[in-house]
Amino acid sequence: MTYIEKPVVPKVVKLEEPTATEREVLNMMLNTGSDIYQGACKKRGSTCKDEYRKVCGVAYMDPKDMARLGVSNWDTVKVTTDWGEVIVSAVHSRDAPHEGTIFIPKGPWANVITSHETYCCCDPTYKGIYCTVETSDEEVLLMADLMRAVYKKYVVDEETIPELESLGEMPVYKKK
Amino acid sequence: MAYEPPVTDYDEIVENGTCAFCGCNCDDLDFLVKDGHVVGVRHACRLGASKVMEDMDQRLLVPMIRDENGELQEVDWDTALDKAAELIANAVRPIFYGWSETSIETMKHGIRLGELVGAVLDNQATICHGPSLQAVQNVGYPVATLGEIKNRADMIVYTGSNPMNSHPRHLSRYSTFPRGWFRQRGRFDRTLVTMDPKYSDTAKMSDIWIGFEQNGDYGFYNAIRAALRGKEIDQDFVSGIPKEDIMELAEAMKNVQFGALYFGLGLTHTLSKQRNIDMAIEMLADLNKYTKWVLTPMRGHFNVNGFNIFMAYEMGFPYGVDFCRGYPRYMNGETNTIDLLTRKECDVFMVIAADPGAHYPGGAVKHLAEIPVIQVDIHWGPSTEIADVVLPGSFIGVECAGTSYRMDGVPIHMKKAVDKPETCRDDEWIIRELHERVQKIKAEEAAVASK
Ligand code: SF4
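The shown structure was predicted, so the numbers you read here are calculated from the model rather than taken from an experiment. Within every chain, residues take consecutive numbers counted from 1 along the sequence as written. Naming scheme: in the order in which they are written, chains are lettered from A and ligands are numbered from 1. Totals for whole chains, interfaces and linings use all residues, but because this is a predicted model, local features are given only for residues with pLDDT of at least 70 and pairs of side-chain atoms are given and counted only at 80 or more. To get the side-chain values, all heavy atoms of the structure are used, and hydrogens and water are removed first.

Engineer: Outline the environment of Pro 97 of chain A, listing residues and values.
Structural biologist: For Pro 97 of chain A, the position within the fold is in the loop between strand S4 (84-92) and strand S5 (101-105). As for Pro 97 of chain A and Ser 166 of chain A, which are separated by 69 residues in sequence, their C-alpha atoms are 37 Å apart. Starting at the N terminus, helices and strands are each numbered in turn, a helix being any DSSP run of H or I of at least four residues and a strand any DSSP run of E of at least two.

Engineer: I'd like a description of the packing of aromatic side chains, backed by residues and values.
Structural biologist: Pairing of aromatic side chains here covers Phe, Tyr and the six-membered ring of Trp, requires ring centres within 6.5 Å, and sorts the geometry by plane angle: under 30 degrees stacked, over 60 edge-to-face, intermediate tilted. Applying the stated criterion across every chain yields a total of 14 aromatic pairs over all chains. Note on Phe 212 of chain B and Tyr 221 of chain B: the rings are 6.5 Å apart at their centroids and 75° apart in plane angle, and the pair reads as edge-to-face. Classification of Tyr 221 of chain B as buried rests on a relative accessible area of 0%. The structure contains a cluster of three or more aromatic residues connected by ring pairs, namely Tyr 97, Phe 349 and Tyr 360 of chain B. For Lys 43 of chain A, the ring lying beneath its charged end belongs to Phe 21 of chain B, and the centroid distance is 4.6 Å. Placement of a charge over a ring requires the Lys NZ or Arg CZ to be within 6 Å of the ring centre, with the centre-to-atom vector within 35 degrees of the ring normal. The ring of Tyr 173 of chain A has Lys 175 of chain A lying over it, and the distance from NZ or CZ to the ring centre is 5.0 Å. Each residue is assigned to one of three classes by its accessible area relative to the maximum for its type, calculated with a 1.4 Å probe on protein chains only: buried under 20%, partly exposed between the two thresholds, exposed over 50%.

Engineer: So, the site of the ligand: which residues are in play, and what are the values?
Structural biologist: By convention in these notes, a residue is near a molecule or strand provided one of its non-hydrogen atoms lies within 4 Å of it. Taken together, Cys 19, Phe 21, Cys 22, Cys 24, Asn 25, Cys 26, Ala 44, Cys 45, Leu 47, Gly 48, Pro 168 and Arg 169 of chain B are the residues near the ligand. Here the residues of the shell around the ligand are counted per class, giving 9 nonpolar, 2 polar and 1 charged. For this classification, Asp, Glu, Lys and Arg are treated as charged, while Ala, Val, Leu, Ile, Met, Phe, Trp, Tyr, Cys and Pro are nonpolar and the rest, including Gly, are polar.

Engineer: Explain the packing of helix H3 (residues 104-117) of chain B against helix H17 (residues 427-450) of chain B to me, using residue names and the numbers behind them.
Structural biologist: Residues and elements named next belong to chain B. Axes here refer to lines fitted to C-alpha atoms; in helices the fit is confined to the stretch in contact. Angles between the N-to-C directions go from 0 to 180 degrees. It is the contact of H3 with H17, at a shortest axis distance of 8 Å, that shows an interaxial angle of 20°. The orientation of H3 relative to H17 falls into the category roughly parallel. For the crossing formed where H3 meets H17, the hand is left-handed. On H17, the residues that touch Glu 105, Thr 106, His 109, Gly 110, Arg 112, Leu 113, Leu 116 and Val 117 of H3 are Asp 427, Glu 428, Ile 431, Arg 432, Leu 434, His 435, Val 438, Gln 439 and Lys 442. We call two directions roughly parallel when the angle between them is under 35 degrees, roughly antiparallel when it is over 145, roughly perpendicular when it lies between 65 and 115, and oblique otherwise. Each helix crossing is assigned a hand: it is left-handed if the near helix lies turned anticlockwise from the far helix by less than a right angle, otherwise right-handed if that turn is clockwise. Whether two residues touch is decided by their heavy atoms; if any such pair falls within 4.5 Å, the residues are in contact.

Engineer: Lay out helix H10 (residues 243-254) of chain B in plain terms, naming residues and giving numbers.
Structural biologist: Residues and elements named next belong to chain B. In a regular helix each residue adds 1.5 Å, so 12 residues correspond to 16 Å; H10 covers 17 Å between its end C-alpha atoms and thus fits that length. Looking at H10, one finds that the buried residues are Lys 243, Ile 246, Leu 249, Ala 250, Met 253 and Lys 254. Summarising the axial view, the buried residues of H10 lie within an arc of 135°, below the 170-degree limit, and thus occupy one face. Facing away from the buried side of H10, by more than 90 degrees, are the exposed residues Glu 244 and Glu 248. Multiply 1.5 Å by the residue count of a helix minus one, and that product is the helix's expected span. It is the directions from the helix axis to the C-beta atoms whose arc is reported.

Engineer: I'd love a proper account of the sheet that holds strand S16 (residues 348-352) of chain B, names of residues and values included.
Structural biologist: Residues and elements named next belong to chain B. Pairs of strands are assigned from DSSP output, requiring at least two bridges between the strands. Here we have 8 strands laid out as an open sheet, ordered S5-S4-S18-S17-S16-S6-S7-S15, and mixed in their pairing. Pairing within the sheet leaves two strands with one partner each, and these edge strands are strand S5 (72-74) and strand S15 (321-322). For strand S4 (residues 64-66) and strand S18 (residues 389-392), the ladder comprises 2 bridges, and the chain directions are antiparallel. Bridge pairing in S18 links Ile 65 to Val 389. On the sheet, helix H2 (residues 77-89) packs against S4, strand S6 (94-98), S16, strand S17 (373-377) and S18 and is oriented at approximately 125° with respect to S18.

Engineer: Now, about the confidence of the model for chain B: what can you tell me, with residues and values included?
Structural biologist: When pLDDT is averaged along chain B, the result is 92, and 100% of the positions lie at 70 or above. The ipTM, which scores confidence in the relative placement of chains, is 0.91 for this predicted complex, and the corresponding pTM is 0.93. Note on scores: pLDDT gives the predictor's confidence for each residue, bounded by 0 and 100.

Engineer: For the nonpolar core, give the residues involved together with the corresponding values.
Structural biologist: The definition of a nonpolar core used throughout is a set of buried Ala, Val, Leu, Ile, Met, Phe, Trp, Tyr and Cys residues joined through side-chain atoms within 4.5 Å. The biggest cluster of nonpolar side chains holds 110 residues, and the ones touching the most others in it are Met 61 and Ile 102 of chain A together with Phe 31, Phe 349 and Tyr 360 of chain B. Looking at which domains feed residues into this core, each of domain 1 (59-126 + 302-399 + 422-450) and domain 2 (130-297) of chain B gives three or more. In contact with Tyr 360 of chain B, not counting residues within four places along its chain, are Asn 111 and Tyr 126 of chain A together with Tyr 97, Ile 127, Thr 337, Ile 338, Leu 341, Phe 349, Val 365 and Leu 368 of chain B. Ranked by size, the runner-up nonpolar core spans 45 residues in total, among them Ala 89, Phe 96, Met 311 and Ile 352 of chain B. Where a domain begins and ends is set by an automatic assignment or by a domain database.

Engineer: Hey, could you go over the sheet that holds strand S1 (residues 12-17) of chain B for me, with residue numbers and the actual values?
Structural biologist: Residues and elements named next belong to chain B. In spatial order, the strands read S1-S2-S3; together these 3 strands make up an open sheet with antiparallel pairing. Among the strands making up the open sheet, the edge pair consists of S1 and strand S3 (37-42). Strand-to-strand twist in this sheet, taken as the mean axis angle between neighbours without regard to direction, amounts to 30°. Sheet topology note: the strand S2 (residues 29-34)/S3 ladder contains 5 bridges and is antiparallel. Each residue of the ladder has a partner; that of Leu 32, found in S3, is Gly 40.

Engineer: Can you tell me about the domain arrangement of chain B, naming the residues and giving the values?
Structural biologist: All names here are of chain B. Considered domain by domain, chain B is made up of domain 1 (59-126 + 302-399 + 422-450) and domain 2 (130-297). The centre of domain 1, based on its C-alpha atoms, is set 36 Å off from the matching centre of domain 2. Listed as interface residues are 6 residues of domain 1 and, on the opposing side, 4 residues of domain 2. Two parts placed together each lose some accessible area under a 1.4 Å probe, and the buried area is that loss summed for both. Both sides of the domain 1 and domain 2 interface together cover about 410 Å² of buried area, and 51% of this is carbon and sulfur.

Set out below in structure tokens:
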């Protein structure tokens, strides 16, 4: 099956963890990289669709960290690094346990917060970045809306961005 | 997951197609074609199949230019090509980036155009395996083809790589599962080792998983090297791995007949970058005192290696080649795309078969939002959202033939299976047209200047 609605993720079991004291903000390490769902969706070309948001705009977290933060699958969280902040959905990682690290598949969402620092080695630092994770009630943006909100290339008045209509899940252009 | 019945409704089968996705370049695919469209793919993995059976909703079909309101507007080919040629001809510091998902034949015209206008030609290696290429320049490169590894290797190590997610058929077609000449029992004759901080999908099916700490690669390889050289390791844990385990692993690696190490972006994207790979290669040099070990970088796109080989052959440097002085230059940290963008040097950016909008760090994309961007690609993607001129290309390996290089440097001919949409053009044609048009503009300028 090549089309999916969203990645299959394990269900979070809220563990009775004596150490899992609830926290408002988690200090974590961020990794980004490719993932099979992200690869399949990206190269098929479905980047405007909701599916791309569901496979790339997610932070794969350890269930214990999710318990500490009090979030369940597909709740939104705000991830902040020195380079920016982005809203993504928190989901249970299939590679858990990896307490203290989160994984965001590479894509426009992850790259708002990765480091462009190359240290003269040509390659940006996409992995091993310090970040904070906190709960949020904002929505994860669709790809086109995210690109508009973050890079503002063709926005006339930046103040109006939150009120602008969504660009939707299909390409928008003027036909002849 | 839902059961999907096999596809039985098709007109013809095109055999021996090549997958245009990852560096495995699987060349045994069968495309099931109906009414000029691929409706099914046999033998490909999930990634390959999803790319070949593309999403037509987002296929770029017509050339487009941004109008004054910032909206993309459909135009005819002449207008779009003239606009792009004009931007390129008047640029001071253009970058032509991408190339990894197109054919070597297209790159040939790209080099001509780059030399003509003094551009920087760079490919995805600059954000993935660039440090590997630097390490190869630093300390060498004991290579082997994938076939040799399949026939001989009895230990396979994946480090900082998760092939079950990014190269799904790598294990089954080339490294671990297939039977080889000297490995008649296939999987049973081989030991699979994964070194990765994450318990990845590949680690889950390995015989040995070494989950060293995040950013611990450099220390870990050094510890193995020390063990190989018979030195005492004086810490109890190195990068989170107990000393005894390191000694045991070093001993196991010494005692195989033929070992193969595959490394991925886990090494190049962390802090020590090319020094990690220096160390991995030197570890292999140490191992080669006892037995035979080889290594191969896990290249991501099907032709990312092709650009590096082609550029190194033609111009002497693998990527980040700068023609602004009229001759090819290459300087890490200076002539690479990310550095040029974050320093805000570039004034026109052309992207060919790549997606910087999705895959560059935000700091670099911010500069792309300030300059004209020309996009040559097959799908509407994040880069289209920031593109000023869009030129729809064709799909190499499905709609048009071409040459590509596999991750081990074996060139592969990718044949054509179906016709491209009528309104699209081949990448090769687009770049050649741009070259001719820029040449014309330059000739006119020269004529005016000489008067
Ligand atoms: S392993 Fe790579 S080349 Fe082979 S079918 Fe899968 S994506 Fe294509």
